[in-house]
Amino acid sequence: MSSPSPRHPGSGLGSTRTGDELATLSLRVTRADLVRYAGASGDFNPIHWSDRVATGVGLPGVIAHGMLTMALAGRLVTQWTGDPAAVRSYGVRFTRPVVVPDDDIGAEIELSGRITDVTDGVAKVAITARFDGKTVLGRAVAEVALPS
Amino acid sequence: MPDASYVGTARARPPPTGGGGPRGGRPPPPRGGPASVCLDPAAAQAAGHADLVAPPTFSVTFTMPLIEAFLRDPAFGWDYSRMVHGDQSVTLHRPIHAGDELVTTIHVEELTARAGSHLLTLRCEVTDPDGAAVATTRSLLVTQGES
């Protein structure tokens, strides 16, 4: 059981307005990250670790877990709020796979975000996640409680 | 060349730094890393939390194994090998903290067919042991038709 927690991040967010841009973020995903995420999430689908299986089902190669891409894109928002407890909802569509090569560099995901609405102390953030110059998430929106 | 003088030495594991979460007592995370309130019990308490705070998508760690078990049930007849994740949402009715005791129920919300593919929507309702709502997640899973 939890005691009541603050739903609000620190100061500075109270003046959030529609049209504000979040600080951009670029993150790398390597095969080692996929192994860790498989263990953390319990998602051991071999398309996330076996080139043989991934190409066998028509993928270009091993791809990142959609949930990992979603989690990393969420960092854009929690980096802004400072506290994930401010996030009320978060949803994405997985529109393109993030192909993760078997090297030490991995795949780079570029994240940006914009405030599309502020109503009753809740800000909507539209997130853009790009890999290889193309968006990989659609309708990626987080709702964040702003400090009153 | 390994240093042979290490033979005969021993090291104790440092004591846990409390919190009941998976990680504790780490230095501040780098930019783009998890928030400090997710990793450092002291930072979480300083921010007014009883314990470590789960990141927004953390619920996948306990909902996904249930979803997998359901999808692998041969009686349901789902083609797990050709599955892709279409979309995902999570609504947090309150933050999830380390030490929380949570109960998850899967609801099979919708199953439709389109152009040889099957689209399945699963909803997970996460509550505390008293039944109070904690989180609602929705997953759209798609099995692609044979090409």
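Residues numbered from 1 in each chain as written. Chains lettered and ligands numbered in written order. Predicted model: local features only at pLDDT ≥ 70, side-chain atom pairs only at ≥ 80, totals over all residues. Heavy atoms only, no water.

Enquirer: A description of the environment of A:Arg75 should follow, citing residues and the corresponding values.
Expert: Looking at the secondary structure, you find A:Arg75 in helix α3 (residues 66-81). Given the relative accessible area of 22%, A:Arg75 is considered partly exposed. Leave out the neighbours within four places in its chain, and A:Arg75 touches A:Leu25, A:Leu27, B:Gly32, B:Gly33 and B:Pro34. (Helix = DSSP H or I, 4+ residues; strand = E, 2+ residues; numbered from the N terminus. Buried < 20%, exposed > 50% of the residue type's maximum accessible area, 1.4 Å probe, protein only. Contact = heavy atoms within 4.5 Å.)

Enquirer: Any details on the environment of B:Pro74? Residues and values, ideally.
Expert: With respect to the secondary-structure elements, B:Pro74 resides in the loop between α3 (60-71) and β1 (83-92). Each C-alpha atom of the pair B:Pro74 and B:Asp40 lies 42 Å from the other, and the pair is 34 residues apart in sequence.

Enquirer: Mind laying out the packing of helix α1 (residues 31-41) of chain A against α3(B), listing which residues take part and the relevant values?
Expert: Axis separation between α1(A) and α3(B) bottoms out at 8 Å; the angle between their running directions is 75°. Taken together, the axis directions place α1(A) and α3(B) in an arrangement best described as roughly perpendicular. The residues of α3(B) that touch α1(A), namely those facing A:Tyr37, A:Ala40 and A:Ser41, are B:Val60, B:Thr61, B:Met64 and B:Pro65. Taken together, the residues that form the contact of α1(A) with α3(B) break down as 5 nonpolar, 2 polar and no charged. (Axes fitted to C-alpha atoms, helices over the stretch in contact; angles between N-to-C directions. Parallel < 35°, antiparallel > 145°, perpendicular 65-115°, else oblique. Nonpolar A, V, L, I, M, F, W, Y, C, P; charged D, E, K, R; others polar.)

Enquirer: Pulling in residues and values, what's your account of the confidence of the model for chain A?
Expert: Mean pLDDT over chain A stands at 91; residues scoring 70 or higher make up 93%. In this model, residues 1-11 of chain A is a region of pLDDT below 50 whose contacts with residues beyond four sequence positions or in other chains number 38 contacts. (pLDDT = per-residue confidence, 0-100.)

Enquirer: Before we move on, could you go through the interface of chain B and chain A and cite the residues and values that matter?
Expert: Bring the parts together and some accessible area is lost; that lost area is often taken as the interface size. Listed as interface residues are 41 residues of chain B and, on the opposing side, 36 residues of chain A. Of the roughly 2900 Å² buried where chain B meets chain A, counting both sides, 55% is carbon and sulfur surface. At the junction of chain B and chain A, the tally comes to 0 salt bridges. Counting across the chain B and chain A interface gives 5 residue pairs in polar contact (both at pLDDT 80 or more). (Buried area = accessible area lost by both parts, 1.4 Å probe. Salt bridge = Lys/Arg side-chain N within 4 Å of Asp/Glu carboxyl O. Polar contact = N/O pair within 3.5 Å; in protein donor to acceptor, adjacent residues only side chain to side chain.)

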